[in-house]
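Spelled out, the chains give:
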Amino acid sequence: MIPVNKVVSIVLLIGLIGASSAAAYYYRQQGTAQETILQDASLQDSYKARVGDLTGQITTLNKQIDSLNSQISSLQSLNNQLGGNNSQLISQIRDIQATRDQLQSQVSQLQSQIGDLTEKLKLQQSRVIANGACTFWDCPSGGTGNQVGNLEFISLGSIPYAGYVRVSWSSPSNRVSFTVEVYDVNVTTPIQRSGIFSIPVAANATGNAWFTGYDCQPVPAGTFCPPVTFSITYWY
């Protein structure tokens, strides 16, 4: 259990990753430099998207290589017809061959990147923590229930390896955030009615996890929060 006085809450700020539309979230802790801690896409999805992008680039480059090979063949045929010693044609052929060789080198580099990403995908394992579960009051299946507050604690089970927790949720009328305690830091998502986020976790240093409801009402029995349906997977 992490001492209360050691827990540092994270203030999240929204930013953008490169030129893509994928949102990232950053935090500043005690005046330190800005660091990325949360991203709303899973590593698996990111790897697969990158493989698809690299494959598309390879296809484009191979088409260019085919076109250059066709040009080389035509120029070589013309040079042969002219006796095989036309210096201008030979120079053009060499220039085109150099360009083709550069493109082939780029293809090899991209294929190597795809190989690395594919190996990472093979190595990744996962454990489903919850799949379509319901929490807070009025869940169709009863849910976990909460009569005394707006917090719903979720058991993540053992986290023996560094990785990330992929959490998604939706609710028609309850804005919530999801928090995971990692070392002495509470990593908290933005407050939304629905969301998909990937939160980095540390080996044997990940503690409590919980949803916080923000559209709750006091009732005689405690606090009423509309239900939230969620899924959580631990990737490592």
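Described below are features of the structure shown in this document. (Residues numbered from 1 in each chain as written. Predicted model: local features only at pLDDT ≥ 70, side-chain atom pairs only at ≥ 80, totals over all residues. Heavy atoms only, no water.)

Another aspect to go through is the overall build of the chain. Scanning the chain from terminus to terminus reveals two helices and 14 strands. Buried residues in the chain amount to 38% of all 236 residues. For the chain, long-range pairs separated by at least 24 residues make up 70% of all intrachain contacts whose partners lie at least 6 apart in sequence. (Helix = DSSP H or I, 4+ residues; strand = E, 2+ residues; numbered from the N terminus. Buried < 20%, exposed > 50% of the residue type's maximum accessible area, 1.4 Å probe, protein only. Contact = heavy atoms within 4.5 Å.)

This paragraph deals with the pairing of strand β11 (residues 206-213). Burial analysis of β11 places six of its eight residues in the buried class, the great majority of the element. With three bridges joining them, strand β6 (residues 151-153) and β11 adopt antiparallel strand pairing. Opposite Leu151, over in β11, you have Thr212 as the bridge partner. Pairing of strand β8 (residues 176-182) with β11, which is carried by six bridges, proceeds in the antiparallel orientation. If you follow Phe178 over to β11, its bridge partner there is Phe211. (Pairing = 2+ DSSP bridges.)

A word on the nonpolar core. By size, the foremost hydrophobic cluster in this structure holds 28 residues, and its most contacted members are Val167, Trp169, Phe178, Val180, Phe211 and Ile232. Looking at this core, the elements that each hand over two or more residues are β5 (126-135), β7 (163-170), β8, β9 (185-188), β10 (194-201), β11 and β14 (228-235). Of all hydrophobic cores here, the second largest spans 17 residues; its members include Leu75, Ile93, Leu110 and Leu117. (Core = buried A, V, L, I, M, F, W, Y, C linked by side-chain atoms within 4.5 Å.)

Its place among the elements puts Thr188 in strand β9. Under the relative-accessibility criterion, Thr188 is labelled buried at 18%. Only 2.8 Å separates the side chain of Thr188 from the side chain of Thr179, close enough to count as a polar contact. (Polar contact = N/O pair within 3.5 Å; in protein donor to acceptor, adjacent residues only side chain to side chain.)

Not every positive phi belongs to a glycine, and Asn204 is a case in point at roughly 55°. Within the element layout of this structure, Asn204 appears in the loop between β10 and β11.

Working definition of a disulfide: a covalent bond connecting the sulfur atoms of two cysteines. Going through the model one piece at a time under the given rule, you end up with one disulfide. Each sulfur of the disulfide joining Cys216 and Cys225 lies 2.0 Å from the other. Taking the torsion about the S-S bond as the criterion, the Cys216 to Cys225 disulfide, at about 105°, is right-handed. (Disulfide = S-S within 2.5 Å.)

A word on the pattern of salt bridges. A complete count under the given rule lists four salt bridges for this structure. A salt bridge links Arg175 to Asp215; the nearest nitrogen and oxygen atoms lie 3.1 Å apart. Taken together, the residues Arg175 in the loop between β7 and β8 and Asp215 in the loop between β11 and β12 (217-219) connect sequence positions 40 residues apart. A relative accessible area of 33% places Arg175 in the partly exposed class. Between Asp215 and Arg193 there is a salt bridge, and its shortest N-O distance comes to 3.8 Å. Taken together, the residues span a long stretch of sequence, with Asp215 in the loop between β11 and β12 and Arg193 in the loop between β9 and β10 at a distance of 22 residues. Linked through salt bridges whose partners overlap, the residues forming this network are Arg175, Arg193 and Asp215. (Salt bridge = Lys/Arg side-chain N within 4 Å of Asp/Glu carboxyl O.)

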